[in-house]
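Spelled out from the first residue to the last, the chains are:
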Amino acid sequence: MDRSDQTPAGTPMIRAMFRSVKVAGQNEAAPWLQAKVYYPAVYRGTAMEKNTGALPAAPSPQPYPVAILMPGINVSAESYGWLATALAEAGFVALIYGWVVEEMPGMLSLSPGLDVDALKPEQYGQRPSATALHSLIADLASLNRSGPLAGLLDLERILLGGHSAGGSVALFNARPDWFPGLCAVFSYGSHSKASTMLGYPEDTVLKLPATLPTLIMGGAEDGVIAASSFRYGGDGDAGPDPVGPLLRSFDEGLNSKRGDCYLAIVRGANHFSAAWPADPATGRPFLDRATTRPGQDIRADLSALVLNFARGHVLQDKAAQSALLDLLQTPTRIAVSARR
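What about the pattern of salt bridges?
In total, this model carries 12 salt bridges according to the counting rule given. Among the salt bridges present, the one from Asp-139 reaches Arg-19, with a minimum N-O distance of 3.0 Å. Taken as a pair, Asp-139 in helix H3 (residues 133-143) and Arg-19 in strand E1 (residues 11-22) lie far apart in primary sequence, 120 residues in all. Residue Asp-139 is classed as buried on the basis of its relative accessible area of 11%. A salt bridge links Asp-177 to Arg-175, with the nearest nitrogen and oxygen atoms 2.6 Å apart.

Structure (structure tokens):
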């Protein structure tokens, strides 16, 4: 029998397991969400592995830090598999998820989990608006007790990230007093301007917690943010702006002098550059502008920004911190605009 195409025992690889997570609290009509957990694994060639495809985690001298990636509205969790894989290759355990829930009356959608009432003027900042996050962290704790990742998760080092609405939810809830273990947060295509439908005056920029190292990223060609400007008012003579809400979220919303908060407006990227493969049938890609660089180059740049930020501020890797600054200080290479 020809066995030349079989994977040799001892081969390292990235594997993932599926989870069904019960969400406690407000959404009794949709109590379950589906998650996928990526982790560094090693193929040992056992009969059980060949039969089930379930591989043990790769040995590690230290528990793996964790990354939780929050999706945009109606963007499939699998669209973030490329970034979850990159994080797992960098030594993280990464979780992506999808939750179909009715958070606005009559609108059933795939969601990061958002309590809209918690964003209203009288409630904002008083309680969490991330309705799935407690349950996701609790499920990771159960994985740390039994199964292939038992004892291998460092739940005191959690990186929280998100895209679009998921990124805003991540930024709004980046508080270790609400979610113990959070130690850094990043977003792409997200901002903190407040919808007038929630009762805010036009052109309001919500204050962000500014308690953690923060990386805010966006695309210079973000047509979705530009087309959504009517929600927030205050366009003025300039008209819809694809990057202004991100700049103001960093300058006015974050209002941090910590020295570990960063902004990168990525050259040639659009709103959905963080989601791949593209799915034009869901979400609002029909509002987006065309990218002006190849998608694989943009994703490589996003990956470099996220991984150096993660290594630098979750793992406290000084070389990664320096590499991140180098990326941000060469605006002709990656960013149209970059700030620290």
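Some details on the packing of helix H2 (residues 81-89) against helix H7 (residues 295-313)
Between H2 and H7, whose axes approach to 10 Å, the crossing angle comes to 40 degrees. Classified by the angle between their axes, H2 and H7 sit oblique to one another. Here H2 runs over H7; the crossing is right-handed. Residue-level inspection shows Trp-82, Leu-83, Ala-86 and Leu-87 of H2 in contact with H7, the latter providing Arg-299, Leu-302, Ser-303, Val-306, Leu-307 and Ala-310. When the residues that make up the contact of H2 with H7 are grouped by side-chain class, the tally is 8 nonpolar, 1 polar and 1 charged.

With respect to H3
Most of H3 sits inside the fold, with 8 of its 11 residues counted as buried. Of the surrounding secondary structure, the elements contacted by the buried residues of H3 are E1, strand E2 (32-43), strand E3 (64-70), strand E4 (93-104) and strand E6 (153-163).

A look at the environment of Glu-49
With respect to the helices and strands, Glu-49 occurs in helix H1 (residues 47-52). Taking the relative accessible area as the measure of exposure, Glu-49 reaches 7% and is therefore buried. In this structure, the C-alpha to C-alpha distance between Glu-49 and Pro-112, residues 63 residues apart in sequence, is 33 Å. Once residues within four sequence positions are removed from consideration, Glu-49 is found in contact with Val-42, Tyr-43, Arg-44, Ala-54, Leu-55 and Pro-56. At a separation of 2.9 Å, a polar atom in the side chain of Glu-49 contacts the main-chain amide nitrogen of Arg-44.

Rules behind the numbers
- Residues numbered from 1 in each chain as written.
- Predicted model: local features only at pLDDT ≥ 70, side-chain atom pairs only at ≥ 80, totals over all residues.
- Heavy atoms only, no water.
- Salt bridge = Lys/Arg side-chain N within 4 Å of Asp/Glu carboxyl O.
- Helix = DSSP H or I, 4+ residues; strand = E, 2+ residues; numbered from the N terminus.
- Buried < 20%, exposed > 50% of the residue type's maximum accessible area, 1.4 Å probe, protein only.
- Axes fitted to C-alpha atoms, helices over the stretch in contact; angles between N-to-C directions.
- Parallel < 35°, antiparallel > 145°, perpendicular 65-115°, else oblique.
- Left-handed = near helix turned anticlockwise from the far one by under 90°.
- Contact = heavy atoms within 4.5 Å.
- Nonpolar A, V, L, I, M, F, W, Y, C, P; charged D, E, K, R; others polar.
- Polar contact = N/O pair within 3.5 Å; in protein donor to acceptor, adjacent residues only side chain to side chain.

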